[in-house]
Amino acid sequence: MDTSDRPARLAVGVLGAGRVGSVLGAALAQAGHRVVAASGVSDASERRASETLGVALSRPDDVIRRAELVLLTVPDDVLPGLVAGLAATGADLRGKLLVHASGAYGLGVLAPAVAAGAVPLALHPVMTFTGRPDDLNRLTGCSFGVTAPDGLRPVAEALVIEMGGEPVWIAEADRALYHAAIAGAANHMVTLIAESQDLLARIGVEHPGRMLGPLLGAALDNVLRLGINGLTGPVVRGDAGTVRKHVDALILAAPEAADAYIALARLTADRALAAGLLKPEAAELLLDALGGNIWT
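This report concerns the structure included in the present document. (Residues numbered from 1 in each chain as written. Predicted model: local features only at pLDDT ≥ 70, side-chain atom pairs only at ≥ 80, totals over all residues. Heavy atoms only, no water.)

### A few points about the packing of helix H11 (residues 255-274) against helix H12 (residues 280-290)
1) Next: One way to put it is that H11 packs onto H12 with a least axis distance of 11 Å and a crossing angle of 170°. One finds that H11 runs roughly antiparallel with respect to H12. Counting all contacts with H11, which are made through Ile-262, Ala-265, Arg-266, Ala-269 and Leu-273, the residues of H12 involved are Pro-280, Ala-283, Leu-286 and Leu-290.
2) Next: The residue inventory of the contact of H11 with H12, partitioned by class, reads eight nonpolar, no polar and one charged. (Axes fitted to C-alpha atoms, helices over the stretch in contact; angles between N-to-C directions. Helix = DSSP H or I, 4+ residues; strand = E, 2+ residues; numbered from the N terminus. Parallel < 35°, antiparallel > 145°, perpendicular 65-115°, else oblique. Contact = heavy atoms within 4.5 Å. Nonpolar A, V, L, I, M, F, W, Y, C, P; charged D, E, K, R; others polar.)

Next up, the structure:
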């Protein structure tokens with residue numbers, strides 16, 4: 001295996017030609033590697049294989065046979081079974097670079113394949129892919145959570161850089177927490193904003209996104225630059241009466257949203273208190289408004 005700081009041009013196979021697999025395969029092809037085969041089960045996968053990767057769908061064993069680097073880009077819950085199945089069926093994995101793109105898993109999930117001679121890498125792009133044509137461009141400057149054997153760090157780093165990304169090393173034991181952090185930020189943000197848009201639309205606001213856009217842009221900029229010190233709003237001001245009004249309104253309009261608001265307000269108050277942004281006496285009043293203990 002070439003472990004120089006720039007890997008040789010590789011024949012690439014994609015097991016799971018979904019949104020992620022097709023983008024990573026296309027990025028590797030753009031860097032000069034050659035996509036030789038892909039597998040998938042849906043019409044969308046067949047279309048992506050043809051249009052994005054330039055190959056027809058093949059059987060998984062054919063992908064393994066033809067490729068030197070194999071992208072395992074299947075859903076997280078499918079990955080362990082896929083790896084175990086490849087090893088159990090006697091696929092020739094000797095010397096193959098097996099690269100999965102799961103955030104939650106590290107190298108351990110690839111152990112059955114490693115025992116059969118495969119070389120493991122975990123390269124997770126910290127990006128959301130929607131299946132649109134601009135997905136490939138989103139890799140430019142994108143961080144990748146990387147876990148690799150020490151001897152293969154130069155290879156992992158070179159592959160990420162070739163795809164336009166920035167490698168960030170994540171310890172094997174930290175993969176689940178790493179993924180919880182980024183998924184919680186991105187996925188829950190979408191849910192919160194969608195809920196806010198629905199509530200605004202319910203009271204007659206015609207363009208909720210237009211109303212929220214400047215506010216959310218400023219809030220995101222604040223937190224990325226200042227952390228918790230960028231916090232604004234009624235909780236950090238200690239406006240318990242306003243918070244109580246929010247809770248009462250949400251209980252009537254959207255009880256499930258009220259539960260989320262209360263939980264997040266408690267977390268916000270707890271962090272503001274710890275950072276010295278919220279006085280203890282104001283926190284007590286917020287506690288009463290929220291109906292629970294922010295120190296638990």
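### Examining the nonpolar core
1) Next: In this structure, Leu-69, Leu-71, Leu-121, Leu-123 and Phe-144 are the most contacted members of the largest nonpolar core, which totals 33 residues.
2) Next: Not counting residues within four places of it along the chain, the set of residues in contact with Phe-144 comprises Leu-24, Leu-123, His-124, Pro-125, Val-126, Leu-139, Val-160, Met-163, Gly-165, Glu-166, Pro-167 and Val-168.
3) Next: By size, the runner-up hydrophobic cluster in this structure holds 18 residues, among which are Val-36, Val-63, Val-109 and Ala-113. (Core = buried A, V, L, I, M, F, W, Y, C linked by side-chain atoms within 4.5 Å. Buried < 20%, exposed > 50% of the residue type's maximum accessible area, 1.4 Å probe, protein only.)

### Side note on the pairing of strand E2 (residues 34-39)
1) Next: Of all six residues that make up E2, five are buried, and the element is covered over most of its length.
2) Next: As judged from the five bridges shared by strand E1 (residues 11-15) and E2, these two strands associate in the parallel manner. Residue pairing for E2: Val-12 is matched across the bridge by Val-35.
3) Next: Handedness of the E1-helix H1 (residues 19-30)-E2 crossover: right-handed. (Pairing = 2+ DSSP bridges. Right-handed = clockwise from strand over helix to strand, strands pointing away.)

### Description of the packing of aromatic side chains
1) Next: Inspection of every chain in the model, using the stated rule, returns zero aromatic pairs.
2) Next: Positioned above the aromatic ring of Trp-169 is the side chain of Arg-153, whose terminal nitrogen or guanidinium carbon lies 4.3 Å from the ring centre. (Phe/Tyr/Trp six-rings, centres within 6.5 Å; stacked < 30°, edge-to-face > 60°. Lys NZ or Arg CZ within 6 Å of the ring centre and 35° of its normal.)

### With respect to the pattern of salt bridges
1) Next: Counted according to the given criterion, the structure contains eight salt bridges.
2) Next: The salt bridge involving Arg-59 is made with Asp-61; its shortest N-O contact spans 3.2 Å.
3) Next: Given the relative accessible area of 59%, Arg-59 is considered exposed.
4) Next: The salt bridge partner of Arg-244 is Asp-248, with a shortest N-O separation of 2.9 Å. (Salt bridge = Lys/Arg side-chain N within 4 Å of Asp/Glu carboxyl O.)

### Observations concerning the sheet that holds strand E7 (residues 166-169)
For sheets, the rule is that strands pair by backbone hydrogen bonds, running either parallel or antiparallel.
1) Next: Read across the sheet, seven strands follow the order E2-E1-E3-E4-E5-E6-E7 without closing on themselves; strand pairing throughout is mixed. In this open sheet, the two edge strands, each paired with only one partner strand, are E2 and E7. Averaged over neighbouring strand pairs, the angle between their axes works out to 25° when direction is ignored.
2) Next: In the sheet, strand E6 (residues 143-147) pairs with E7 via four bridges, with the strands oriented parallel. Among the inter-strand pairings, Phe-144 is bridged to a residue of E7, identified as Pro-167.
3) Next: The strands touched by helix H4 (residues 79-88) within the sheet are E1, strand E3 (69-72) and strand E4 (97-100), with E3 carrying the most contacts at an inclination of about 145°.
4) Next: Each of E4, strand E5 (119-125) and E6 is contacted by helix H7 (residues 175-202), which is oriented at about 20° to E5, the strand it contacts most.

### Structural notes on the environment of Leu-71
1) Next: Here Leu-71 is to be found in strand E3.
2) Next: Leu-71 sits 30 residues away from Ala-101 along the chain, and the two C-alpha atoms are 7.6 Å apart.
3) Next: Not counting residues up to four positions away in its chain, the partners in contact with Leu-71 are Val-12, Gly-13, Val-14, Leu-15, Gly-21, Leu-24, Gly-25, Leu-28 and Val-99.

### Overview of the packing of H7 against helix H8 (residues 208-226)
1) Next: At a closest axis distance of 9 Å, the pairing of H7 and H8 adopts a crossing angle of 135°. In terms of orientation, H7 lies oblique with respect to H8. Crossing hand, H7 versus H8: right-handed. Across the interface between the two elements, Ile-193, Ser-196, Gln-197, Leu-200 and Ala-201 of H7 pack against Pro-208, Gly-209, Met-211, Leu-212 and Leu-216 of H8. (Left-handed = near helix turned anticlockwise from the far one by under 90°.)

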